[in-house]
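Listed below are the residues making up each chain.
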Amino acid sequence: MGTFRKLLEPPYIDSIEWSKWHVFWVDERVVPKDHDDSNYKLAFDLFLSQVPILPGNVYAINDALSAEGAADDYETCLKHLVNSGVIAKSEASGFPKFDLQLLGMGPDGHVASLFPGHPLCKESKKWVTHILDSPKPPPERITFTFPVINSSANIALVVCGGGKADVVQRALGNSGKNEEPLPCQLVSPEGELKWFLDKAAASKL
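Residues numbered from 1 in each chain as written. Predicted model: local features only at pLDDT ≥ 70, side-chain atom pairs only at ≥ 80, totals over all residues. Heavy atoms only, no water.

> How would you sum up the pairing of strand β6 (residues 141–144)? Please name residues and give values.
Of the two faces of β6, the one carrying Arg-141 and Thr-143 and the one carrying Ile-142 and Phe-144 are both buried. Judged from the 4 bridges that link them, strand β5 (residues 128–131) and β6 form a sheet pairing that is antiparallel. Looking at the pairing, Ile-131 lines up with Arg-141 of β6. (Buried < 20%, exposed > 50% of the residue type's maximum accessible area, 1.4 Å probe, protein only. Helix = DSSP H or I, 4+ residues; strand = E, 2+ residues; numbered from the N terminus. Pairing = 2+ DSSP bridges.)

Okay, here's the thing in structure tokens:
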């Protein structure tokens, strides 16, 4: 959510129609909302607490459920919002079509909680699924699947830091062409994909 901090400054904060915003999590750690590992807490502390987005338009996971239960509950929520017209539906895929998904990338090339070589990268039917063995702690998470990610109208993939330069080079440069694609290379939305790199992350391109 640090990516959005510029929107907290004039003239942006006063010119945005915040009432039209609906906020979701592409992935979330299955921890209490006030836990330091919670993506919700991070987003709330840095951004959501400082803008007038309607509380009912912020869709956190149910942190009282198991990972599997939380994933099923979140998918049910998304399906309700698609059926009621809050979220658009992709005519091409039938999956929800978000206006914008903001993704980061790990130094191993993972996006959301979809990790290299993990079977969830091939999930084709579920909208939201769960992972119990994330190689990056905490191990229990929920995550959008690639069909939902790739039905988006727009994706911004934001990558910072020299520790990710090698994987950026592999994803966007000329190396690794014959290797198994990294999760970040499987991001291919219906609309536009734009990479945003700092100088360190782009240093090997």
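Okay, back to it.
> I'd like a description of the state of the cysteines, backed by residues and values.
Two cysteines, two sulfur atoms, one covalent bond between them: this is a disulfide. Applying the stated criterion to the full structure yields 0 disulfides. The thiol of Cys-160 is not disulfide-bonded; the next cysteine sulfur, from Cys-184, is found 15 Å away. (Disulfide = S-S within 2.5 Å.)

> Pulling in residues and values, what's your account of the sheet that holds β5?
The strands making up a sheet associate through backbone hydrogen bonding, with each pair oriented either parallel or antiparallel. Strand order in the open sheet formed by 3 strands is β1-β6-β5, with antiparallel pairing between adjacent strands. Because the sheet does not close on itself, it has two edges, and the strands there are β1 (27–29) and β5. If you compare each strand with its neighbour and ignore which way they point, the axes differ by 20° on average. Packing of helix α3 (residues 67–83) onto the sheet brings it into contact with β5 and β6, and relative to β5 it is tilted by some 165°. (Axes fitted to C-alpha atoms, helices over the stretch in contact; angles between N-to-C directions. Contact = heavy atoms within 4.5 Å.)

> Please give an account of the pairing of strand β4 (residues 101–104) that cites residues and values.
Burial along β4 is one-sided: Gln-101 and Leu-103 are buried, while Leu-102 and Gly-104, pointing the other way, are not. When β4 meets strand β7 (residues 154–159), the two strands line up parallel, connected through 4 bridges. Paired with Leu-102 across the two strands is Ala-156, which belongs to β7.

> Describe in detail the side chain of Ser-90, supporting the description with residues and values.
In this fold, Ser-90 is placed in the loop between β2 (88–89) and β3 (96–97). At 2.3 Å, the side chain of Ser-90 and the side chain of Glu-190 are in polar contact. Residues in contact with Ser-90, not counting those within four places in the same chain, are Phe-95, Lys-97, Ser-151 and Glu-190. (Polar contact = N/O pair within 3.5 Å; in protein donor to acceptor, adjacent residues only side chain to side chain.)

> Can you lay out the packing of aromatic side chains for me, pointing to particular residues and giving the numbers?
A full pass over the atoms with the stated rule returns 12 aromatic pairs. Here Tyr-40 and Phe-44 contribute two aromatic rings whose centre-to-centre distance is 6.0 Å and whose plane-to-plane angle is 20°, an arrangement assigned as stacked. Here Tyr-40 and its partner Phe-44 are both found in helix α2 (residues 39–46), 4 residues apart, which amounts to about one turn of the helix. Taking 6.4 Å as the distance between ring centres and 35° as the angle between the ring planes, the aromatic pair formed by Tyr-74 and Phe-144 counts as tilted. Here Tyr-74 is found in helix α3, whereas its partner Phe-144 is found in strand β6, with 70 residues between them in sequence. Using a relative accessible area of 1% as the deciding quantity, one classes Tyr-74 as buried. When its relative accessible area of 1% is taken as the criterion, Phe-144 is described as buried. Here the aromatic cluster, defined as three or more aromatic residues joined through ring pairs, consists of Phe-24, Tyr-59, Tyr-74, Phe-98 and Phe-144. Against the face of Trp-127 rests Lys-79, its NZ or CZ located 5.3 Å from the ring centre. (Phe/Tyr/Trp six-rings, centres within 6.5 Å; stacked < 30°, edge-to-face > 60°. Lys NZ or Arg CZ within 6 Å of the ring centre and 35° of its normal.)

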